[in-house]
Amino acid sequence: MPGMKTLTFTRPDDWHLHLRDEALMRSVLPDTARQFARAIVMPNLRPPVTTTVQAVAYRERILKALPKGMKFEPLMTLYLTDITSAEEIKKAKASGVVHAVKLYPAGATTNSDAGVTDLRKTYAALEEMQRCGMPLLVHGEVTSTDIDIFDREAVFIERVMQPLLKDLPGLRVVFEHITTKDAAQFVASTPDTIAATLTPQHLLYNRNAMLVGGIRPHFYCLPILKRETHREALVKAATSGNKKFFLGTDSAPHAQHTKENACGCAGCYTAHSAIELYAEAFEAAGALDKLEAFASFYGADYYGLPRNTEKVTLRKEEWQMPASVGFGEHRLVPLRAGEKMGWKLSS
Ligand SMILES: NC(=O)N[C@@H](CC(=O)O)C(=O)O
Ligand SMILES: [Zn+2]
Ligand SMILES: [Zn+2]
């Protein structure tokens, strides 16, 4: 069609994704595989993926769940615990399928109770990671009860991140799903070994979306949405052309009834149309020309993997996000449910 606005670019990858397992995974995996060539798959299952043997088995379950005709490469991670050994890191590295290790401070987020209680307990593993170049992916929030939930990321920088990088200056660290100006500035000021992922919800929304005119549980994720000044700083980082900032949806599916609940779970389901959501955020910033490198180049470069060669096309087209989609035997409410979208990925 003449005059139709399209955007063709290298197929993207998702550098932070929750796929869950079994029937739940089978429901969400096609959404990711339709858009992304590869994804860094988070290990916060119950029980968590703490060993290479478990990661290899989880990878096989993912590949088996992939619908016929779809191509997708899951990049596996290990869940760091107080007892992860240097030996386990060596096995992970040698496997060729484990690409990173994830730090969840104990109690910080969904399925993090097996997480790290004191970072010093993990130094043998971290030293081996520093030696072999295995990235540490960090959920960067402190968990102390005296710290306000809106300050937990900023406080994490001074209390955990800075001491960690002082002790292990060669460690590769990805500050995952950053939500504050503080984190964006911190990452920008560090050497190239330190990078960050950015989610669509933190680029598109501030905390008003979650709290004004009624409490909207489908906008609740961790780290929690912050005020507008932070969102603006994140958009600036994502669209700056700085290779330290790349795409990681943090798509985190939870069944509808567990989010629409007196004690609702944390996590936004963005995989349904993640690349379209990012396109909207980049378009609003007048930076669509920066989307390809953010979505398809910088993450691969950071992880030392080849860039994808296949192309995808986004079309400017209005469509409506479904109110919910299937999730095993449950329902799952995607971000933007029932609302208009302005971009569509061509199939
Ligand atoms: N982001 C979230 O709010 N939730 C994630 C965990 C995480 O990434 O912190 C989940 O697994 O549900
Ligand atoms: Zn997290
Ligand atoms: Zn996550």
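Residues numbered from 1 in each chain as written. Chains lettered and ligands numbered in written order. Predicted model: local features only at pLDDT ≥ 70, side-chain atom pairs only at ≥ 80, totals over all residues. Heavy atoms only, no water.

### Thoughts on the coordination of the zinc ion (ligand 3)
Then step 1. Distances from the zinc ion (ligand 3) to its protein donors, H16 (NE2), H18 (NE2) and D250 (OD), fall at 1.9 to 2.0 Å.
Then step 2. Taken together, the four donor atoms surrounding the zinc ion (ligand 3) define angles of 94 to 137° at the centre, an arrangement classified as irregular.
Then step 3. Site description for the zinc ion (ligand 3): donor spacing in sequence, H-x1-H-x231-D.
Then step 4. Between the zinc ion (ligand 3) and the zinc ion (ligand 2) the interatomic distance comes to 3.7 Å. On the criterion of sequence distance, the pair formed by H18 in the loop between strand 2 (14-17) and helix 1 (22-35) and D250 in the loop between strand 9 (245-247) and helix 10 (256-259) is long-range, its members being 232 residues apart.
Then step 5. Accessibility expressed as a relative area gives 6% for H18, which makes it buried. (Donors = N, O, S within 2.8 Å, 3.2 Å for Na, K, Ca; no water. Tetrahedral: all angles 85-135°; square planar, octahedral: opposite > 155°, others 65-115°. Helix = DSSP H or I, 4+ residues; strand = E, 2+ residues; numbered from the N terminus. Buried < 20%, exposed > 50% of the residue type's maximum accessible area, 1.4 Å probe, protein only.)

### Describing the pattern of salt bridges
Then step 1. Taken as a whole, this structure holds 18 salt bridges when the rule is applied.
Then step 2. One salt bridge in this structure joins R38 and D13, with 2.8 Å as the shortest N-O distance. Note that R38 is positioned in strand 3 (residues 38-41) and D13 in the loop between strand 1 (6-10) and strand 2, a separation of 25 residues in sequence.
Then step 3. Of the residues examined, R38 reaches a relative accessible area of 6% and is grouped as buried.
Then step 4. For D13, a relative accessible area of 0% puts it in the buried group. (Salt bridge = Lys/Arg side-chain N within 4 Å of Asp/Glu carboxyl O.)

### What about the nonpolar core?
Generally speaking, soluble globular proteins have nonpolar side chains that are buried together.
Then step 1. In terms of nonpolar packing, the biggest core is built from 101 residues, with L19, L136, F175 and L291 touching the most fellow members.
Then step 2. Beyond its immediate stretch of four places on either side in the chain, F175 contacts V138, G140, E153, F156, I157, M161, A183, F186, V187, A195, A196 and T197.
Then step 3. Membership of the second largest hydrophobic core comes to 18 residues, among which are M42, A195, A293 and Y303. (Core = buried A, V, L, I, M, F, W, Y, C linked by side-chain atoms within 4.5 Å. Contact = heavy atoms within 4.5 Å.)

### Regarding the site of ligand 1
Then step 1. Neighbouring ligand 1 are 15 residues, the closest being N44, T109, L222, D250 and H254.
Then step 2. Between a nitrogen atom of ligand 1 and a side-chain N or O atom of D250, the distance comes to 2.7 Å.
Then step 3. Within the complex, 100% of the 310 Å² of free accessible area of ligand 1 lies under protein.
Then step 4. Residue classes in the shell around ligand 1 are distributed as four nonpolar, nine polar and two charged. (Near = heavy atom within 4 Å. Polar contact = N/O pair within 3.5 Å; in protein donor to acceptor, adjacent residues only side chain to side chain. Areas by Shrake-Rupley, 256 points an atom, 1.4 Å probe, with all protein chains shown as cover. Nonpolar A, V, L, I, M, F, W, Y, C, P; charged D, E, K, R; others polar.)

### As for the UniProt feature "modified residue: N6-carboxylysine" (unreviewed entry) in the protein
Then step 1. With numbering matched to this structure, UniProt assigns "modified residue: N6-carboxylysine" (unreviewed entry) to K102.
Then step 2. Of note, K102 is situated in strand 5 (residues 98-103).
Then step 3. Among residues more than four places away in sequence, those in contact with K102 are H16, M42, P43, L78, Y79, L80, L137, V138, H139 and E176. (UniProt positions renumbered as here; feature names shortened; annotations may be inferred.)

### Comments concerning the sheet that holds strand 13 (residues 340-345)
Then step 1. Taken together, three strands build an open sheet; the order of strands is 1-10-13 and the sheet is antiparallel. The open sheet has two edge strands with one neighbour each: strand 1 and strand 13. Geometrically, the sheet is characterised by an average inter-axis angle of 30° between neighbouring strands, direction not taken into account.
Then step 2. Examined bridge by bridge, strand 10 (residues 311-320) and strand 13 share five bridges and lie antiparallel to one another. In the sheet register, Q320 faces strand 13, and the bridge partner there is K340.
Then step 3. Here helix 11 (residues 274-284) sits on the sheet and contacts strand 1, strand 10 and strand 13; the angle it forms with strand 13, its principal contact strand, is near 110°.
Then step 4. Against the sheet, helix 12 (residues 291-303) makes contact with strand 1 and strand 10, and its axis sits at roughly 30° relative to strand 1, the strand it touches most. (Pairing = 2+ DSSP bridges. Axes fitted to C-alpha atoms, helices over the stretch in contact; angles between N-to-C directions.)

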